[in-house]
Amino acid sequence: MKPGKVLTLLLEARKRGRIHLTLIDPDKTSPEEAERVAKVAADAGSTAILVGGSLGVYEPQLSEVVKAAKRSGLPVILFPGNLNELTPHADAVLFMSLVNSDDPYYVSGVQAQAAPIVLRMGLEPIPTAYIIIGYGGAAGYIGRARPIPYERTDLAVAYVLASAMMGATIIYLEAGSGAPAPVPPETVRAVKRHLDMVGFEGLVIVGGGINTPSIASEIVRAGADGIVNGTVTEKDPSLLYQLVKAVKDIA
Ligand code: 1GP
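Residues numbered from 1 in each chain as written. Predicted model: local features only at pLDDT ≥ 70, side-chain atom pairs only at ≥ 80, totals over all residues. Heavy atoms only, no water.

1. A short note on the packing of helix 6 (residues 153–165) against helix 7 (residues 185–197)
Between helix 6 and helix 7, the shortest axis-to-axis distance is 9 Å and the interhelical angle comes to 40°. Judged by the sense of rotation from one axis to the other, the crossing of helix 6 with helix 7 is right-handed. Contacts between helix 6 and helix 7 involve T153, A156, V157, V160, L161 and A164 from the former and E186, T187, A190, V191, H194 and L195 from the latter. Its residues assigned to classes, the contact of helix 6 with helix 7 comprises 8 nonpolar, 3 polar and 1 charged. (Axes fitted to C-alpha atoms, helices over the stretch in contact; angles between N-to-C directions. Helix = DSSP H or I, 4+ residues; strand = E, 2+ residues; numbered from the N terminus. Left-handed = near helix turned anticlockwise from the far one by under 90°. Contact = heavy atoms within 4.5 Å. Nonpolar A, V, L, I, M, F, W, Y, C, P; charged D, E, K, R; others polar.)

This is how it looks when you write it as structure tokens:
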């Protein structure tokens, strides 16, 4: 599949530096709040807005949040927890397979349900492998993941390599929203080293529990192309300034 507009934009942004993604959960954020947060994100230098959540999202509210976030001028990418999280108002969708789920529904079942809808909506699908490590949070629980233990870098590498070999363009390493510990930097380092061996040309994005500039910078130094911030965005969007800076300061 030829890279679409939004994926191209992310890949181009990566050539200039690291990527920062601001996550807005429509279950916890009103459209007014989403507009405010997205504007702060744009001003802080975040690369794009992700919109999605694991629970409580329904389409009319999702569409309003997406439309509001788009007023920031940043691309808005859906980060769906299920079939109910699609709207034609977004610019693209992380078309994800939860690779280490024990339930085939989350690996390829919901994708078959979603594909014709994504096509009809004219949404750009960004092929994404979603791999849950450690804590897992709501995404891990709902998605029936068998989270890879934090210390089992070898298992993370195996899932990542398989994802690259199956054609993922984004590999999203997820510790779970609000994770007490993020994906370990050594895992990110090992993942990156192995992806280089197979000539992976996509992006490694890391999320979950990256709550401080020093953790963000450590993860990016380990080789992540970008990070995602959800919880801190909900608590205090002004923290995005330091987080984006920490990410972009790394060459
Ligand atoms: C969750 O990776 C994202 O899916 C972000 O996690 O809420 O912990 O920032 P946090």
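Having put the structure on the table, let's press on.
2. Focus: the nonpolar core
Ranked by size, the top nonpolar core spans 35 residues in total, and within it I131, I171, L173, V188, L195 and V206 carry the most contacts. Elements supplying a minimum of two residues to this core: strand 5 (124–132), helix 6, strand 6 (170–174), helix 7, strand 7 (203–207), helix 8 (213–221) and helix 10 (240–248). No other element matches helix 6, which puts 5 residues into this core. Not counting chain neighbours up to four residues away, the residues in contact with L195 comprise V160, A164, I171, F200 and V204. One finds A92, Y106, A145 and L203 within the second-largest nonpolar core, a separate group that totals 26 residues. (Core = buried A, V, L, I, M, F, W, Y, C linked by side-chain atoms within 4.5 Å. Buried < 20%, exposed > 50% of the residue type's maximum accessible area, 1.4 Å probe, protein only.)

3. Side note on the environment of G199
As for its position among the elements, G199 is in the loop between helix 7 and strand 7. Taking the C-alpha atoms as reference points, G199 and Y130, 69 residues apart in sequence, are found 19 Å from one another.

4. Quick word on the sheet that holds strand 4 (residues 92–98)
Spatially, 8 strands are ordered 1-2-3-4-5-6-7-8 in a closed barrel, and the strand pairing comes out parallel. Each neighbouring strand pair of the sheet contributes to a mean axis angle of 30°, computed without reference to strand direction. The pairing of strand 7 with strand 8 (residues 226–229) spans 3 bridges and is parallel. Along strand 8, the bridge assignment pairs I205 with G226. (Pairing = 2+ DSSP bridges.)

5. Notes on the site of the ligand
Lining the immediate environment of the ligand, one finds 13 residues, of which E174, S177, G178, G209 and T231 sit closest. The contact in question runs from an oxygen atom of the ligand to an N or O atom on the side chain of E174, over 2.4 Å. Here an oxygen atom of the ligand sits 2.6 Å away from a polar atom, N or O, in the side chain of T231. When the free accessible area of the ligand is taken as 310 Å², the share hidden by the protein chains comes to 97%. Looking at side-chain class alone, the shell around the ligand contains 4 nonpolar, 8 polar and 1 charged residues. (Near = heavy atom within 4 Å. Polar contact = N/O pair within 3.5 Å; in protein donor to acceptor, adjacent residues only side chain to side chain. Areas by Shrake-Rupley, 256 points an atom, 1.4 Å probe, with all protein chains shown as cover.)

6. Examining helix 7
Taking 1.5 Å of rise per residue, the 13 residues of helix 7 would be expected to cover 18 Å, and the 19 Å separating its terminal C-alpha atoms lies within 8% of that figure. If you check which residues of helix 7 are buried, you get P185, T187, V188, A190, V191, K192, H194 and L195. Contact partners of the buried residues in helix 7: helix 6, strand 6, strand 7 and helix 8. Just beyond helix 7, the residue with positive phi is G199, at close to 70°. (Expected span 1.5 Å × (residues − 1).)

7. Quick look at the pattern of salt bridges
Pairing of side chains with opposite charge becomes possible as their charged atoms draw close. Tallying each qualifying case throughout the model produces 13 salt bridges. Note that R152 and D154 form a salt bridge whose closest N and O atoms lie 2.7 Å from each other. Each of R14, K192 and D225 takes part in salt bridges that share partners, so that together they form one network. (Salt bridge = Lys/Arg side-chain N within 4 Å of Asp/Glu carboxyl O.)

8. So, the side chain of T233
In this structure, T233 sits in helix 9 (residues 231–235). Here the side chain of T233 touches N229 through a polar contact of 2.8 Å, landing on its backbone oxygen. Setting aside residues up to four positions removed in sequence, T233 forms contacts with T22, L23, V37 and L240.

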